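Below, each chain spelled out in residue letters.
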Amino acid sequence: MKKFLLFALCLCLLLGAGVTASAEEKATINVYNWGEYIANGTDGSMDINAEFTRRTGIEVNYTTFDSNESLYSKLAGGGADYDVIVPSEYMVSKLLSEGRLAPLDFENIPNFQYIDPQFKNPTYDPEGLYSVPYTWGIVGIFYNTDYVEEVTSWEALWDDRYAGKILMFDNPRDAFAIAQFRLGMDLNTQDPKDWEEAAELLKQQKPLVQAYVMDQIFDKMESGEAWMGPYYSGDAAILVDNSDNIAFAVPEEGTNYFVDALCIPATSQHKREAEAYINFLCDPEIAGANMDYVGYSTPETAAKEYLSPEMAESPLHYPSEETVEKAQAFVNLPQDISSQVDKLWAEVKMGGPGESAVLIAIILGFLMVYIAIIVYKRRKRKREME
Amino acid sequence: MKKAGGRIYTFLVFLFLYAPILVLIVFSFNDTETASRTVWSGFSLRWYEKLFEDRLILEALRNTLLIAVLSAAASTVLGTVAAIGINSMKRLPQRIMMNITNFPMVNPEIVTGVSLMLLFVFAVGLFGGRSLGMGSLIAAHITFCLPYVILSVLPKLRQMDPNLYEAAQDLGCPPVKAFFKVVLPEIMPGVVTGMIMAFTLSIDDFVISYFTSGTTQTLPIYIYSMTRKRVSPEINALSTVLFAVVMALLIVINVRQGRAQRAQKEDA
């Protein structure tokens, strides 16, 4: 009898497992992540999505975006049905305030326990209910040691000895943050005057700046075309690793740290499967293998074991606690402030009256040439008539 | 002297047109750790190897090709039928029709993209669907490929002797058979050219696809999404492959056209 019961129980379990497995097999989750932001099986890395499908039977339709703003427009525009998205910190707070995120069921994400305490309940998600950090990093200055003295402060980016060799961020929040650190402001200040003051400082810097760039910084630094520029630590680590004369410094005024977090949109139809995916990515072994390829920092100390030792010990990827404590994160700004920031940024980049004078001169020059050609042709025709 | 000047000018024009592509092709063979676009460090095929290992890129490529084949086929059929209809219209309606057909070509792509997205989101909501995807992409691609097919088929129809079709029917051929036996062979070069054009247009479309893709990813969108981190030289390799494919198709079009013209001259 006992044996029979045991047998029945086993059968039930097997059937149950079989049923859930077959139900899960049909599910496909839509994952929307940054481009080049997951280990994909090339260069001997682990193919994370394939591994997830192998273990759980859930198919992954993996697509990529280029900026938080494209992610937002996809979500807000409708017509796209995502189950897992990876917004940065300020976009998490924006989506959260608009009610576009679903609260996570942490019972389905047991691996959340591995996330380091300083990343739990962050400022952008105060209750810690809607997001699980995926990667993080800080902003610092990269500089060419052949030409530039040791950098300790953001002031270096205003040093006119390096005029024409300085690069600057080509997005408003990151660029303004640097000016705000110099002025000792809160990065998320809501006082319009603070922003104007920061814009003023950026305008002063403009004549020294060679270019406002994002990923072109790699080429420009490597070829020596530019001598220094601020960038994200994880992205640019490869620069420091491969060139002897490029160094990284975190200025003493403090810096901003960014987090890209895993979230589930409120519209998701496969929340359970999405949570399984998030849980999978938080598995220290997976997170380690993933970050080893991506080159960003993982928020899990336990995952560092699975990283290559150079990466796990590099101050570029894991800066000192002191630095991290002084770092601030962006929070979404209210509508009126963020449109003011966009306007000020446009002013900084377009430049003052000096720029438009050059533009007018160029247009006048073209006009002169055009008139000269017409006059010349007329004369030629006249001569031919005669 | 004058001839040399002309040659130099032509050379400069071609240099201006092709130098960027040439640089891209050369750097797709660059052997570098840092994925640099400016420092040359030796010949290698590593980016091609990596490209063909990368499942995400290949999946995007598969989507792109699938969409291109389906939308080229569909727009060719629709466009040919439309061209036959337009050709047999009276003068005024024909003009109006041609203007309507040409409009999507001169309309900025971004306007077409946004309006198609709005339409599709509305339609999907109406029928209880959840997301745009392959279907909406194919529909959008057919939409913007159609005018090109019509424009390449119409001239062939105009060149054709209108009495041929009637003669076939006089000789007892049923209309459908007359179309396939007499009309279609006459306009075939135009149909094929139109189809190849639709195919290449569909492969490299970004703007319209960007708005109508939903959760499906095509190659151009995938490449664009790499711009936050550095754009990997895999993309150089892939662009080289794509460039070669498009180039080959264009050469096929031109050779076909050249042959058709020669054949006509011989006939005449």
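### Topic: the overall build of chain A
Here's step 1: Scanning chain A for helices and strands turns up 14 helices and nine strands.
Here's step 2: Over its C-alpha trace chain A gives a radius of gyration of 27 Å, far above what one expects of a compact globule, namely 21 Å for 386 residues.
Here's step 3: The principal-axis extents of the C-alpha atoms in chain A amount to approximately 120 × 60 × 45 Å.
Here's step 4: Taking all 386 residues of chain A together, the buried fraction comes to 42%.
Here's step 5: Restricting to contacts in chain A with at least 6 residues of sequence separation, those with at least 24 account for 77%.

### A word on the overall build of chain B
Here's step 1: Within chain B one finds 11 helices and zero strands.
Here's step 2: Seen through its principal axes, chain B has C-alpha atoms that stretch 75 × 70 × 30 Å.
Here's step 3: The buried share among the 268 residues of chain B stands at 34%.
Here's step 4: Taking the contacts inside chain B whose residues are at least 6 apart along the sequence as the reference set, 79% of them involve residues at least 24 apart.

### Points about the packing of helix α7 (residues 163-170) of chain B against helix α8 (residues 175-204) of chain B
Residues and elements named next belong to chain B.
Here's step 1: Contact pair α7 / α8: the axes reach a minimum separation of 9 Å and the direction vectors enclose 130 degrees. With respect to α8, the element α7 is oriented oblique. The crossing of α7 and α8 is right-handed. For the pair α7 and α8, the contacting residues are L164, Y165, A168 and Q169 in the first and P175, A178, K181, V182 and V183 in the second.

### Notes on the nonpolar core
Looking at soluble globular proteins, one finds that nonpolar side chains tend to be buried together.
All names here are of chain A.
Here's step 1: V84, F142, M228, L262, Y277 and I278 are the most contacted members of the largest nonpolar core, which totals 149 residues.
Here's step 2: When residues of this core are assigned to domains, at least three map to each of domain 1 (26-136 + 261-312) and domain 2 (137-257 + 336-350).
Here's step 3: Excluding residues within four positions of it along the chain, I278 makes contact with V84, I109, V132 and L262.

### Observations concerning the interface of chain A and chain B
Here's step 1: Listed as interface residues are 32 residues of chain A and, on the opposing side, 31 residues of chain B.
Here's step 2: Sorting the residues of the side of chain A that touches chain B by element identifies β1 (28-34), β2 (59-65), α7 (217-222) and α8 (233-242) of chain A as the ones contributing at least two each.
Here's step 3: At five residues, the largest contribution of residues to the side of chain A that touches chain B is made by β2(A).
Here's step 4: In the side of chain A that touches chain B, the residues fall into eight nonpolar, 15 polar and nine charged.

### Things to note about unusual backbone geometry
Residue and element names in this part refer to chain A.
Here's step 1: Even without being glycine, E36 reaches a positive phi, approximately 55 degrees.
Here's step 2: Topologically, E36 is positioned in the loop between β1 and α2 (48-56).
Here's step 3: For E36, a count of 22 C-beta atoms within 10 Å corresponds to the buried category.
Here's step 4: Of note, N121 is a non-glycine position whose phi angle comes to about 50 degrees, a positive value.
Here's step 5: Relative to the helices and strands, N121 resides in the loop between α4 (89-97) and β4 (132-144).
Here's step 6: The exposed category is assigned to N121, around which 11 C-beta atoms lie within 10 Å.

### Topic: helix α10 (residues 284-294) of chain A
Residues and elements named next belong to chain A.
Here's step 1: Of all 11 residues making up α10, eight are buried, and the element is well covered by its neighbours.
Here's step 2: Turning to α10, its buried residues are I286, A287, G288, A289, N290, M291, Y293 and V294.
Here's step 3: Packed against the buried residues of α10 are α2, β4 and α9 (271-282).
Here's step 4: Once α10 finishes, G295 follows within two positions and takes phi at roughly 90 degrees, a positive value.

### Regarding the confidence of the model for chain A
Here's step 1: In this model, chain A carries an average pLDDT of 86, and 92% of its residues clear a pLDDT of 70 or more.
Here's step 2: Low pLDDT (under 50) marks residues 4-25 of chain A, which in the prediction has six contacts with non-local residues, meaning those over four places away or in another chain.

### What about the domain arrangement of chain A?
Here's step 1: Taken as a whole, chain A is organised into domain 1 (26-136 + 261-312), domain 2 (137-257 + 336-350) and domain 3 (358-386).
Here's step 2: Each of domain 1 of chain A and domain 3 of chain A has a C-alpha centre, and the two are 62 Å apart.

### Digging into the pairing of strand β8 (residues 246-249) of chain A
Residue and element names in this part refer to chain A.
Here's step 1: The side-chain alternation of β8 yields one buried face, formed by I246 and F248, and one unburied face, formed by A247 and A249.
Here's step 2: In the sheet, β4 pairs with β8 via four bridges, with the strands oriented antiparallel. Residue I141 lies in a different strand from β8, and its bridge partner there is A249.

### Comments concerning the packing of helix α3 (residues 55-87) of chain B against helix α6 (residues 134-159) of chain B
Residue and element names in this part refer to chain B.
Here's step 1: At their nearest, the axes of α3 and α6 sit 6 Å apart, and the two run at 45 degrees to each other. Between α3 and α6, the interaxial angle falls into the category oblique. Our pair here, α3 against α6, has a crossing hand that is right-handed.
Here's step 2: Partitioning the contact of α3 with α6 into residue classes produces 19 nonpolar, seven polar and one charged.

### Concerning the sheet that holds strand β3 (residues 84-85) of chain A
All names here are of chain A.
Here's step 1: Here three strands make up an open sheet; going across it, the order is β2-β1-β3 and the pairing parallel. At either margin of the open sheet sits one strand with a lone partner, and together these are β2 and β3.
Here's step 2: Looking at chain direction, β1 and β2 are connected through seven bridges and run parallel. Residue pairing across strands places V31 opposite Y62, the latter belonging to β2.

### Details of α9(A)
In an α-helix, one turn spans 3.6 residues, which is why side chains three or four residues apart end up on the same side.
Here's step 1: With 12 residues, α9(A) extends 16 Å from end C-alpha to end C-alpha; this agrees with the ideal 16 Å at 1.5 Å per step.
Here's step 2: The buried count for α9(A) comes to nine of 12 residues, which makes it a mostly enclosed element.

### Some remarks on the environment of B:A74
All names here are of chain B.
Here's step 1: Position of A74 among the secondary structure elements: in helix α3.
Here's step 2: A74 sits in the partly exposed class, given 18 other C-beta atoms within 10 Å.
Here's step 3: Along the chain, A74 and L146 lie 72 residues apart, while their C-alpha atoms are 8.9 Å from each other.

### Description of the environment of B:L164
Residues and elements named next belong to chain B.
Here's step 1: With respect to the helices and strands, the residue L164 is situated in helix α7.
Here's step 2: L164 sits in the partly exposed class, given 13 other C-beta atoms within 10 Å.
Here's step 3: A C-alpha to C-alpha distance of 49 Å links L164 and S131, two positions 33 residues apart in sequence.

Calculation notes
Residues numbered from 1 in each chain as written. Chains lettered and ligands numbered in written order. Predicted model: local features only at pLDDT ≥ 70, side-chain atom pairs only at ≥ 80, totals over all residues. Helix = DSSP H or I, 4+ residues; strand = E, 2+ residues; numbered from the N terminus. Rg over C-alpha atoms; globule rule 2.2 N^0.38 Å. Buried ≥ 20, exposed ≤ 12 C-beta atoms within 10 Å, placed from the backbone. Contact = placed C-beta atoms within 7 Å. Axes fitted to C-alpha atoms, helices over the stretch in contact; angles between N-to-C directions. Parallel < 35°, antiparallel > 145°, perpendicular 65-115°, else oblique. Left-handed = near helix turned anticlockwise from the far one by under 90°. Core = buried A, V, L, I, M, F, W, Y, C linked by C-beta atoms within 7 Å. Domains from an automatic or database assignment. Nonpolar A, V, L, I, M, F, W, Y, C, P; charged D, E, K, R; others polar. pLDDT = per-residue confidence, 0-100. Pairing = 2+ DSSP bridges. Expected span 1.5 Å × (residues − 1).

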